[in-house]
Amino acid sequence: LMENFLKNFENLSIFSGMEYERTQSIPPYAMEQLFGKIVKFEGSKADSIRNHLTLNDTRYGVYAQFNYNGIAKTAITGGLRPDESSLNSKSPNIRLGLTHQLTDEILLRTQYATAFQPPSLFYKYEQFSSGTFKFKPNVNGLKNQELNSFEIAASMKWDFQNFIEVSFVDVDVEDLIT
C-alpha cells in the first residue's frame, strides 16, 4: 500500500521561493514642499528632507508551484503567490494549467492565472513639467493593478524545429497603471 502511495509522488515536482524588495525615495518636489523653494541638497537641509519626506515601501512575495504528470500524456500545473506591499494592499495570485499530448504531433494546453502590481513610488509621488504640460503626483488616486488571464492553445509539430500554434488569450486588467 505504501509503495503505491509513493509512486504517485514520483511524478510530482514542487518549486517554491520568496522575493523581497525595499525601496526608499525622496520625491523631487521635496525641497519645495518643505522649504517653499528649491535649495541645495546638503547639510541640515538635506537631513531635514531625508528625515521628513523619505518614502518607504517594502514588498514581498512567496510562491509555490507544483507540476504533476502522473496521468498518461497529461500534465497539471498549479501555483499560489501571495504578494504584499507596505503602501498598498495584498493579493493572492493563482495559476492553474493543464497540458495534454493528444498525439505525438499535437499538444493541447490551457491556463488561468491572476496577477497583482501595486503602483510604484514613482507613479504615486513623481512630479515633473515640460513646457505647458505638468505631471503631478497621484498620491490617493492610484489603485493596485490586477489582472485575470485565460489561455487555450493547440500546437502541432512536424519535425524537430518546425511547429505551428494557434491560441486564444483573454486578459482582463483592472485599474491599469500607465
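This text goes with the structure placed above it.
Notes on the structure follow. (Residues numbered from 1 in each chain as written. Predicted model: local features only at pLDDT ≥ 70, side-chain atom pairs only at ≥ 80, totals over all residues. Heavy atoms only, no water.)

Comments concerning the overall build of the protein
Part 1 of the reasoning: Counting secondary structure elements, the protein contains four helices and nine strands.
Part 2 of the reasoning: Helices and strands in the protein line up, N terminus first, as α-β-α-α-β-β-β-β-α-β-β-β-β.
Part 3 of the reasoning: Of all 178 residues assigned to the protein, the portion counted as buried reaches 22%.
Part 4 of the reasoning: Considering only intrachain contacts with a sequence separation of at least 6, the fraction spanning at least 24 residues in the protein is 54%.
Part 5 of the reasoning: Total accessible area on the protein is roughly 12600 Å²; 56% of this is exposed by carbon and sulfur atoms. (Helix = DSSP H or I, 4+ residues; strand = E, 2+ residues; numbered from the N terminus. Buried < 20%, exposed > 50% of the residue type's maximum accessible area, 1.4 Å probe, protein only. Contact = heavy atoms within 4.5 Å. Areas by Shrake-Rupley, 256 points an atom, 1.4 Å probe, with all protein chains shown as cover.)

Quick word on the side chain of Ser-149
Part 1 of the reasoning: Structurally, the position occupied by Ser-149 is in strand 8 (residues 145–157).
Part 2 of the reasoning: By relative accessible area, which is 17% here, Ser-149 ends up buried.
Part 3 of the reasoning: The contact partners of Ser-149, leaving out residues within four places of it in the chain, are Gln-111, Tyr-112, Ala-113, Asp-170 and Val-171.

Description of the sheet that holds strand 3 (residues 74–85)
Part 1 of the reasoning: Strand order in the open sheet formed by seven strands is 1-2-3-4-5-8-9, with antiparallel pairing between adjacent strands. The open sheet has two edge strands with one neighbour each: strand 1 (12–25) and strand 9 (163–174). Ignoring which end each strand starts from, the neighbouring axes of this sheet average 10° apart.
Part 2 of the reasoning: The pairing of strand 3 with strand 4 (residues 90–101) spans 11 bridges and is antiparallel. By the bridge assignment, Arg-81 is partnered in strand 4 with Asn-93. (Pairing = 2+ DSSP bridges. Axes fitted to C-alpha atoms, helices over the stretch in contact; angles between N-to-C directions.)

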